[in-house]
Structure formats: C-alpha cells, structure tokens
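Tertiary structure, described
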Amino acid sequence: MAHIIAIANQKGGVGKTTTTISLAGALISHNKKVLVIDMDPQSNCAKSLGLDASLFNHSVYDVLVSNYDIYKAIKKTRIKDLDLLPSKVDLTILETKIKSKNPLLLLGKCIRNLDAYDYILIDTPPSFGFLQLSSLIASDEVIIPVQCECFALDAVSHMLATISNVQLHYNKNLKILGFLLTMYDSRLRLATEITIEIRKLFKEKTFVTQIPRNNSIVESQMVGIPITIYRPNSTGAQAYNALVKELNLDK
Ligand SMILES: Nc1ncnc2c1ncn2[C@@H]1O[C@H](COP(=O)(O)OP(=O)(O)OP(=O)(O)O)[C@@H](O)[C@H]1O
Ligand SMILES: [Mg+2]
C-alpha cells in the first residue's frame, strides 16, 4: 500500500506545490514510484510538470463526483515513475457535487488501495475547507511548509488546530512528519528570527533540512521538470534530497 503524504498549510504561497513536486522528484531518484494528486483548483502541479490541465478530459473531480476510473484519470508525466492525478478549475465546486454519504471520506476511499505507487503526495490549496480537510483525512502523514516571514507562526498554529481536529474526528492516525522551512534567505533578518523561533517552539517537529531560496527552483517550474532532475547540483535540489534522507524512508 502506498504511503500517503499531504503537503498542507492554509497560508498561500509558502511552497506547498514546490515541495510536492520537488519531493516527488527526490523520491523517484530513490527508486520510488510516486503519484502526485493535485487537490488545488489552481492546477499548479500540472504546470510544474510541463502539462496543461485544461487539455485533460478527466481529473480528480470526475473520480470523486462520477466515480470515473482513477487509473484512467491518472496522467503519465515525462518523468518515469512520476504520475499525476490532475485538478481542473471545477474542483472549486467539488463539495456541492459529491453525492456520497460521507463526502469528506471519499478521497481517502478512492486512493487508499492504489497499489501501483510507493508514495502518494497530495498538494493542497491555500485555504481551510473541504479540499484541505479531505486531503488530510485521506493521508497517513502531513508535511507543513512554512515560509520564514511575517505571520508564519499564526499559520502554524492554525494548521496545528486543523490537524488536531482531523485527528479527533476523522483520522486519529494522521501524523505530522514535520514543519519544513522554505524559501530561506539568510540575508534577511526576519527569516533568521522566524527560523529560530519556530525551531525553539517546535524543535522535535521541525525538519533539520531547510529549503533555501533558489532561482533554479523557479526555472525548473517554468520548464516543467522537478528541480532534483533539472539541476541536481543546485542548492534547491540538494535540500530536497536531504529532506528525503531525513524522512528515513527505509526505516
Ligand atoms: N525555494 C524556493 N526558491 C525560490 N522560489 C521559490 C521557492 N519555493 C517556492 N518558490 C516560489 O514561490 C512561489 C510560491 O510557491 P508555491 O507555488 O510552491 O507555493 P504554494 O504554497 O503552493 O502556493 P499556493 O498557496 O498558491 O498554492 C512560486 O512562485 C515559486 O516559484
Ligand atoms: Mg500551490
């Protein structure tokens, strides 16, 4: 059975999609088969993999609303062993269209037994609500990217509250893998201060690895290839590879 990891923080622009795609790239370098599920109607996962989601006939929406065959909705990417279950803009109205008795549990049901993958990474949208909740309920673990800037701590405490809620009511096994400090720029005093603060408050729960601000990551997204494959020697790729090591996969 695949290991299911949600990448979540309701704060926008903190590096959720970048982490999803870069971690996927790092995992396939460790010979893992990976499925990325895009639960964000912005469809940025497809873009980051050089695909145009608007051209797909079917997406995660059809799987959840019309019981469409998930294997038919999953798209191959140009990277071997990395597949994508894309989203389209219709995901915004998903909640109103699902007919299932327990709509929040449906995503988990649909992906729990996908045995073609070692890892399933779920990219989530920058908001509280149905899409984020469904993703957390469907997951074994969650990684919380935190950008070292103003209001980062508020976002962290909101995420912790949401996760406690999910653990209490839906998925008691949901485990926080850790907070991942992203877009770290040591030249910015605020970044350093926030990093120190988060490490002080959540020592055990914060990854030692932190992701530096790195232009090669932005370039890799523009060409649609994960950073670990596009520029394996860049500081960004090295950081995401270090994250995989820290995850201690073969434990
Ligand atoms: N390590 C990095 N170095 C430089 N730029 C980065 C890095 N990580 C992310 N970015 C850039 O920051 C922006 C936000 O990143 P990303 O889209 O991954 O965040 P997000 O949390 O998924 O956003 P949203 O909440 O809108 O889904 C993007 O333009 C991305 O290219
Ligand atoms: Mg995103």
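Structure report, in brief. Everything numeric here is computed off the predicted structure, so don't read it as measured data. (Residues numbered from 1 in each chain as written. Chains lettered and ligands numbered in written order. Predicted model: local features only at pLDDT ≥ 70, side-chain atom pairs only at ≥ 80, totals over all residues. Heavy atoms only, no water.)

Here we come to the site of ligand 1. For ligand 1, the set of nearby residues contains 18 residues, the closest of which are Lys16, Thr17, Thr18, Asn214 and Gln221. Here an oxygen atom of ligand 1 sits 2.5 Å away from a polar atom, N or O, in the side chain of Thr18. One of the side-chain N or O atoms of Gln221 is found 2.5 Å from an oxygen atom in ligand 1. Contact with the protein chains hides 81% of the accessible area of ligand 1, taken as 630 Å² for the molecule alone. When residues of the shell around ligand 1 are traced back to their parent elements, those giving at least two are α1 (16-29), β8 (206-212) and α10 (215-223). Taken together, the residues of the shell around ligand 1 sort by class into 7 nonpolar, 8 polar and 3 charged. (Near = heavy atom within 4 Å. Polar contact = N/O pair within 3.5 Å; in protein donor to acceptor, adjacent residues only side chain to side chain. Areas by Shrake-Rupley, 256 points an atom, 1.4 Å probe, with all protein chains shown as cover. Helix = DSSP H or I, 4+ residues; strand = E, 2+ residues; numbered from the N terminus. Nonpolar A, V, L, I, M, F, W, Y, C, P; charged D, E, K, R; others polar.)

Here Ser100 is to be found in the loop between α5 (94-97) and α6 (106-111). With relative accessibility at 23%, the residue Ser100 sits in the partly exposed group. Between the C-alpha atom of Ser100 and that of Val65, which follows or precedes it by 35 residues, the distance is 8.4 Å. A distance of 3.2 Å separates a polar atom in the side chain of Ser100 from the backbone nitrogen of Asn102. (Buried < 20%, exposed > 50% of the residue type's maximum accessible area, 1.4 Å probe, protein only.)

Counting across every chain of the model gives 1 aromatic pair. Here Phe179 and Phe202 contribute two aromatic rings whose centre-to-centre distance is 5.0 Å and whose plane-to-plane angle is 50°, an arrangement assigned as tilted. Here Phe202 lies in the loop between α9 (189-201) and β8 and Phe179 lies in strand β7 (residues 175-184), a separation of 23 residues in the sequence. With a relative accessible area of 0%, Phe179 lands in the buried category. (Phe/Tyr/Trp six-rings, centres within 6.5 Å; stacked < 30°, edge-to-face > 60°.)

Across all of its chains, the model carries 10 salt bridges by this definition. Lys175 is the salt-bridge partner of Glu141, the closest N and O atoms lying 3.9 Å from each other. Here the residue Glu141 occupies a position in strand β6 (residues 141-147), and Lys175 occupies one in strand β7, the gap between them amounting to 34 residues. Judged by relative accessible area, Glu141 falls into the buried class, the value being 10%. Of the residues examined, Lys175 reaches a relative accessible area of 43% and is grouped as partly exposed. Glu219 is the partner of Arg231 in a salt bridge, and the nearest nitrogen-oxygen pair spans 3.7 Å. Here Arg231 is found in the loop between α11 (227-230) and α12 (235-247), whereas its partner Glu219 is found in helix α10, with 12 residues between them in sequence. Arg231 gets classed as partly exposed once you look at its relative accessible area, which sits at 38%. Members of the salt-bridge network, linked through shared partners, are Lys33, Lys80 and Asp81. (Salt bridge = Lys/Arg side-chain N within 4 Å of Asp/Glu carboxyl O.)

Our focus in this paragraph is the packing of helix α7 (residues 130-138) against helix α8 (residues 152-169). As a packed pair, α7 and α8 sit with axes 10 Å apart at the nearest point and diverge in direction by 60°. Classed by the angle they form, the pair α7 and α8 counts as oblique. The hand of the α7/α8 crossing is right-handed. Contacts between α7 and α8 pair Gln132, Leu133, Leu136 and Ile137 from the former with Met159, Thr162 and Val166 from the latter. For the contact of α7 with α8, the residue count by class is 5 nonpolar, 2 polar and no charged. (Axes fitted to C-alpha atoms, helices over the stretch in contact; angles between N-to-C directions. Parallel < 35°, antiparallel > 145°, perpendicular 65-115°, else oblique. Left-handed = near helix turned anticlockwise from the far one by under 90°. Contact = heavy atoms within 4.5 Å.)

The buried fraction of strand β5 (residues 119-123) is high, at 5 of 5 residues. Residues Tyr119, Leu121 and Asp123 point to one face of β5 and Ile120 and Ile122 to the other, with burial holding for every one of them. Inspection of the sheet shows strand β1 (residues 3-7) paired to β5 by 5 bridges, in the parallel sense. Note that in β5 the partner of Ile4 across the bridge is Ile120. (Pairing = 2+ DSSP bridges.)

Looking now at the nonpolar core. Counting residues in hydrophobic clusters, the biggest one holds 50 residues, and the most contacted among them are Leu94, Ile111 and Ile120. Setting aside chain neighbours within four positions, we find Leu94 in contact with Met39, Tyr61, Leu64, Val65, Phe130 and Leu131. Ala24, Ile28, Ile79 and Val244 belong to the second largest nonpolar core, which has 33 residues in total. (Core = buried A, V, L, I, M, F, W, Y, C linked by side-chain atoms within 4.5 Å.)

Purely geometric stuff here, so don't read any function into it on its own.
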